[in-house]
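Topology and contacts: notes
One-letter residues, chain by chain:
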Amino acid sequence: MGILAANEWREGWMDEGMESFLDNWFVEETGNLPARQVWERMMVGLGQYDARGLAEPLAWESARFRDPQSYGNMTYSKPAAVIYMLREYVGEDVFRRGLRRFYDEHALQHVTGVDFFNAIEVEADEDLQWFYDQWFVGVNRLDYGIGDVSVEQEGSEFVTTVEVVRLEDAWMPVTLEVGGARVPLNSRDRRQVVVVRT
């Protein structure tokens, strides 16, 4: 990270994962690839890796990872994807302010993941311990599915009822899109029923 010195052995994600995130963000910002494509490729690969039960905690010290492939995925790729998820969760403007605060408070110092999260928390005005615990300490999978769906016409409107099911233990807000209408879902419930009129 240059002017901010992370301990790569203790928190490799702070060095390599952050750098991978920033590289991808640069590609996204410069328009060399569509934003969705920049991150989707990484997410698909990580999803396949996690589905095989190979995920390990990102917060582990480097020597604890089972092999070089796991070290690479858990230190470079997955942290980059998780930091992207954090950016999307708090919003890009809040995230940028958090990065600026992180830099301003710790320039020319050794930094930790706690320092990074504290800066983002201050700017987001939200306790993000759940995010850190879920994505850096834990290895739970994130998976949502669609349960029952019904559509009825009422006059000129369609009323769509959708059951959204959280299939795994990890939680994140999701956005349900039906006929161009977007409905944010922030509940941690395993099952949510949403009615959308279009």
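My aim in this report is to walk through the structure given alongside it, one point at a time. (Residues numbered from 1 in each chain as written. Predicted model: local features only at pLDDT ≥ 70, side-chain atom pairs only at ≥ 80, totals over all residues. Heavy atoms only, no water.)

For the structure shown, the criterion picks out 16 salt bridges. As a salt-bridge pair, R101 and E123 come within 2.8 Å of each other at their nearest N and O atoms. Within this pair, whereas R101 is found in helix α4 (residues 92-106), its partner E123 is found in helix α5 (residues 113-124), the two being separated by 22 residues in sequence. Take R101: its relative accessible area is 27%, and that puts it in the partly exposed class. Close ionic contact of R197 with E154 constitutes a salt bridge, the shortest N to O distance being 3.0 Å. Residue R197 is located in strand β7 (residues 191-197), and its partner E154 is located in strand β3 (residues 144-154); the two are separated by 43 residues in the primary sequence. Linked by salt bridges that have partners in common, R97, R101, E105 and E123 make up one network. (Salt bridge = Lys/Arg side-chain N within 4 Å of Asp/Glu carboxyl O. Helix = DSSP H or I, 4+ residues; strand = E, 2+ residues; numbered from the N terminus. Buried < 20%, exposed > 50% of the residue type's maximum accessible area, 1.4 Å probe, protein only.)

Right, let's talk about helix α6 (residues 129-137) for a bit. Of all the residues in α6, the buried ones are W130, F131, Y132, Q134, W135 and F136. For α6, the elements touching its buried residues are α1 (12-30), α3 (68-90) and α5. (Contact = heavy atoms within 4.5 Å.)

Looking now at the packing of aromatic side chains. Enumeration over the complete set of coordinates arrives at 21 aromatic pairs. Aromatic pair Y71 and Y76: ring centres 6.3 Å apart, planes at 80°, arrangement edge-to-face. The ring of W130 has R188 sitting right over it, with the charged end atom 4.8 Å from the ring centre. (Phe/Tyr/Trp six-rings, centres within 6.5 Å; stacked < 30°, edge-to-face > 60°. Lys NZ or Arg CZ within 6 Å of the ring centre and 35° of its normal.)

Even without glycine at this site, L108 takes up a positive phi of about 65°. Within the secondary structure, L108 sits in the loop between α4 and β2 (110-111). On the accessibility criterion, L108 (73% relative accessible area) is exposed. Phi at D125 is positive, roughly 55°, even though this residue is not glycine. Residue position: D125 is located in the loop between α5 and α6.

Pairing in this open sheet of 3 strands is antiparallel, and the strands run β3-β4-β7 from one edge to the other. The two strands at the open ends of the sheet, each matched to only one other strand, are β3 and β7. Sheet twist, expressed as the average angle between the axes of neighbouring strands with direction ignored, equals 15°. With 7 bridges connecting them, strand β4 (residues 157-166) and β7 associate as antiparallel partners. Its bridge partner lying in β7, T161 is registered against V195. (Pairing = 2+ DSSP bridges. Axes fitted to C-alpha atoms, helices over the stretch in contact; angles between N-to-C directions.)

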